[in-house]
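# Descriptive structure summary
So you can see what is in the structure, the chains are spelled out below.
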Amino acid sequence: MTQDELKQAVARAAIAQVPVGCIVGVGTGSTANYFIDELGKIKHKIDGAVASSEASAQRLRKHGIEVLDLNNVSDLPVYVDGADEITRHLAMVKGGGGALTREKIVAAVARKFVCICDASKLVDVLGKFPLPVEVLPMARSYVARELVRLGGQPALRQGFTTDNGNVILDVHNLQILNPQELETTINQITGVVTNGLFARRGADVLLLGTDKGVETLTH
Ligand code: 5RP
């Protein structure tokens, strides 16, 4: 199976995780896009969605799914999103699409985080994929220097502005042995909005697309 077919398979499988009559948290990226397309097929069974990016909101609306403001939603039973890397402990690196901050906010509200990935995303140690860090523009150089002090090599994502009007530093060469600790340390640098480590609030379920079918991993 191709990588896209694996992504489609996990997107289809994720529909079983969506309770009837609920508002669904929806992530960002190519795997999340396949999930949105699947959600379109069962839109009469859900009450609407909360999106983690403008791009996902647009795609949801195209399918005729109502997109709600998170501030008006108090109960979000499930959030479905992809990842750039994930461990068997269900800690992730996310933000390849630059939507990490809104993803983290929607994930914080959700009762269950269902991660959908093709098998290439499963790793033993996080950090081969450069860690995205969203930064207020005026703090870019300062934060970059602090990230170098932590052992990383930050690179400004060229020509990219987040939905929140900020920039992204992609941090290369990190071998992330303690994801929860590094997540906290980077978030404490002044000027950082958030970083792409989802370890303190990791996934609850991983649906992993493999050539043998969709595997389910939980805590
Ligand atoms: C976007 C993300 C995505 O979930 C991540 O980049 C994976 O994307 P894809 O499904 O296209 O491989 O975090 O900010």
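Below or above, wherever it landed, is the structure these notes cover. All values reported here derive from a predicted model rather than from experimental measurement.

Next up on the list: the site of the ligand. In the vicinity of the ligand lie 17 residues, with Ser 30, Thr 31, Asp 84, Gly 95 and Lys 121 positioned nearest. Out of a free accessible area of 380 Å², the ligand has 91% covered by protein chains. Among the residues making up the shell around the ligand, the classes are represented as two nonpolar, nine polar and six charged.

So, on to helix H2 (residues 30–41). Between its terminal C-alpha atoms H2 stretches 18 Å, which fits the 16 Å expected from twelve residues at 1.5 Å a residue. When we look at burial in H2, the residues that qualify are Thr 31, Ala 32, Tyr 34, Phe 35, Ile 36, Glu 38, Leu 39 and Gly 40.

This next bit is on the environment of Gly 202. Mapping Gly 202 onto the fold places it in the loop between strand E11 (197–198) and strand E12 (205–210). Residue classification places Gly 202 among the buried positions, given a relative accessible area of 12%. Sequence separation between Gly 202 and Ile 86 is 116 residues; the distance between their C-alpha atoms is 9.2 Å. Sequence-distant contacts of Gly 202, defined by excluding residues within four places in its chain, comprise Leu 90, Met 92 and Phe 113.

What follows is about the pattern of salt bridges. A complete count under the given rule lists ten salt bridges for this structure. Asp 81 is the salt-bridge partner of Lys 94, the closest N and O atoms lying 2.8 Å from each other. Highlighted residues: Lys 94 in the loop between strand E5 (92–93) and helix H4 (100–109) and Asp 81 in strand E3 (residues 78–81), separated in sequence by 13 residues. By the burial criterion, Lys 94 is buried, and Asp 81 matches it. Notably, a salt bridge pairs Lys 94 with Glu 103, separated by 3.1 Å at the nearest N-O pair. Accessibility classification places Lys 94 together with Glu 103 in one group, the buried group.

Within the open sheet, the six strands sit side by side as E2-E1-E3-E6-E12-E13. Their pairing is mixed. Each edge of the open sheet is held by one strand with a lone partner, namely strand E2 (48–51) and strand E13 (213–218). Direction aside, the axes of adjacent strands within the sheet are offset by 25 degrees on average. With five bridges connecting them, strand E6 (residues 112–118) and E12 associate as parallel partners. Bridge pairing links Asp 118 to Gly 209 in E12. Sitting on the sheet, H2 touches strand E1 (23–26), E3 and E6, and the angle it makes with E1 is about 160 degrees.

What counts and what doesn't
- Residues numbered from 1 in each chain as written.
- Predicted model: local features only at pLDDT ≥ 70, side-chain atom pairs only at ≥ 80, totals over all residues.
- Heavy atoms only, no water.
- Near = heavy atom within 4 Å.
- Areas by Shrake-Rupley, 256 points an atom, 1.4 Å probe, with all protein chains shown as cover.
- Nonpolar A, V, L, I, M, F, W, Y, C, P; charged D, E, K, R; others polar.
- Helix = DSSP H or I, 4+ residues; strand = E, 2+ residues; numbered from the N terminus.
- Expected span 1.5 Å × (residues − 1).
- Buried < 20%, exposed > 50% of the residue type's maximum accessible area, 1.4 Å probe, protein only.
- Contact = heavy atoms within 4.5 Å.
- Salt bridge = Lys/Arg side-chain N within 4 Å of Asp/Glu carboxyl O.
- Pairing = 2+ DSSP bridges.
- Axes fitted to C-alpha atoms, helices over the stretch in contact; angles between N-to-C directions.

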